[in-house]
Amino acid sequence: MTQKVPVAAGATHDGALSADRRRLLRGATAALAGVGIGAAAVPFVSSMKPSARTQAAGAPIAVPLAGLAPGKQVTVEWRRKPVWVLRRTQEQIDDLANPTLAIRLRDPDSKISSQQPEYMRNRFRSLRPDILVAVAVCTHLGCVPTYRPDRAPADLGAAWMGGYFCPCHGSRFDLAGRVFKGVPAPTNLLIPPYRFESDDRLLVGENPVSG
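This is a predicted model, so every value here is computed, not measured. (Residues numbered from 1 in each chain as written. Predicted model: local features only at pLDDT ≥ 70, side-chain atom pairs only at ≥ 80, totals over all residues. Heavy atoms only, no water.)

Engineer: What is the right way to look at the pattern of salt bridges in this model?
Structural biologist: Oppositely charged side chains can pair when the atoms bearing their charge come close. In the structure shown here, the tally under the stated rule is 10 salt bridges. Among the ionic pairs, Asp-155 bridges to Arg-148, the shortest N-O distance being 3.0 Å. Since its relative accessible area comes to 17%, Arg-148 is described here as buried. For Glu-206, the salt bridge goes to Arg-195, with nearest N and O atoms at 2.6 Å. With a gap of 11 residues between them, Glu-206 in the segment after β9 (201-204) and Arg-195 in strand β8 (residues 194-198) connect regions that are remote in the sequence. Shared partners join several salt bridges into a network, and the residues in it are Arg-87, Arg-128 and Asp-130. (Salt bridge = Lys/Arg side-chain N within 4 Å of Asp/Glu carboxyl O. Buried < 20%, exposed > 50% of the residue type's maximum accessible area, 1.4 Å probe, protein only. Helix = DSSP H or I, 4+ residues; strand = E, 2+ residues; numbered from the N terminus.)

Engineer: Can you help me understand the side chain of Gln-116 in this one?
Structural biologist: Relative to the assigned elements, Gln-116 resides in the loop between α4 (99-102) and β4 (131-135). For Gln-116, the side chain forms a polar contact with the main-chain oxygen of Ile-112, separated by 3.0 Å. Not counting residues up to four positions away in its chain, the partners in contact with Gln-116 are Ser-110, Arg-121, Arg-125 and Ile-191. (Polar contact = N/O pair within 3.5 Å; in protein donor to acceptor, adjacent residues only side chain to side chain. Contact = heavy atoms within 4.5 Å.)

Engineer: Mind showing me how you'd approach the sheet that holds strand β6 (residues 163-165) here?
Structural biologist: Across a sheet, strands are paired by hydrogen bonds formed along the backbone, either parallel or antiparallel in direction. Strand order in this open sheet of 3 strands is β5-β6-β7, and the pairing throughout is antiparallel. Of all the strands in the sheet, just β5 (146-148) and β7 (172-173) have a single pairing partner and so form its edges. Pairing analysis gives 2 bridges linking β6 to β7, with the strands arranged antiparallel. Looking at β7, one finds that Tyr-164 is bridged to Phe-173. (Pairing = 2+ DSSP bridges.)

Engineer: Explanation requested: unusual backbone geometry in the structure shown.
Structural biologist: The phi torsion at Arg-125 lies on the positive side, around 55 degrees, for a residue other than glycine. Structurally, Arg-125 can be placed in the loop between α4 and β4. A positive phi is found at Ala-152, a non-glycine position, where the angle reads about 50 degrees. Residue classification places Ala-152 among the partly exposed positions, given a relative accessible area of 41%.

Engineer: Looking at this structure, I do not really get the nonpolar core. What am I missing?
Structural biologist: The tendency in soluble globular proteins is for nonpolar side chains to be buried side by side. The biggest cluster of nonpolar side chains holds 42 residues, and the ones touching the most others in it are Val-85, Val-133, Leu-202 and Val-204. For this core, the elements supplying multiple residues, two or more each, are β1 (61-64), β2 (73-78), β3 (81-87), β4, β6 and β9. Looking at which element gives the most residues to this core, the answer is β4, with 5 residues. In this structure, Val-133 is in contact with Val-83, Trp-84, Val-85, Ile-191, Pro-192, Tyr-194, Leu-202 and Val-204, ignoring residues within four places of it in sequence. (Core = buried A, V, L, I, M, F, W, Y, C linked by side-chain atoms within 4.5 Å.)

Engineer: What is the right way to look at the sheet that holds β2 in this model?
Structural biologist: With antiparallel pairing, 3 strands are arranged side by side in an open sheet as β2-β3-β4. Strand pairing shows two members of the sheet lacking a second neighbour, β2 and β4, which therefore form its edges. Each strand of the sheet is rotated relative to its neighbour by a mean of 20 degrees, with strand direction disregarded. (Axes fitted to C-alpha atoms, helices over the stretch in contact; angles between N-to-C directions.)

If you want it as structure tokens, here you go:
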């Protein structure tokens, strides 16, 4: 009769436990390595963009224009304020030269110099007729107006050619940010300094390079 050799109690359990421990150690090592890589990457990524203090102080904000279709706008943040970048359509550009629009505006010639750099004092209030850059803050009480490119909507009237409407108190601005007469806002929207780095990229917060 063959005698069975007794297996030591807990031997199978200890073998499984050892395997479990090895798997656990491998997992922990991988996790720690991942954390280390992540920790190393965060300062590197953070160093690639301006600090919050630098941004608040007015660091230039780059805005790509290649994907901005005519009639569309994007909003960026500069000095903790929203800034619109609008690509005007040819129809919108033509409307800004309409004499019937000018007589409805409080400051059509941008005479209040504090509201734009000197080089923006034209009917478009911009460096290029197709691009508007404006601080998206109503000059009445600091609300953010809405972009209303639709012509003659029922709520704004048949004479509306498109522009910005502040639903808080009813102020209106055209697509150059010029304020209409008879509304609470006293001045045109603020135009910040900016320049074009190329045809498809601008920097909000920097004046054009002279020369």
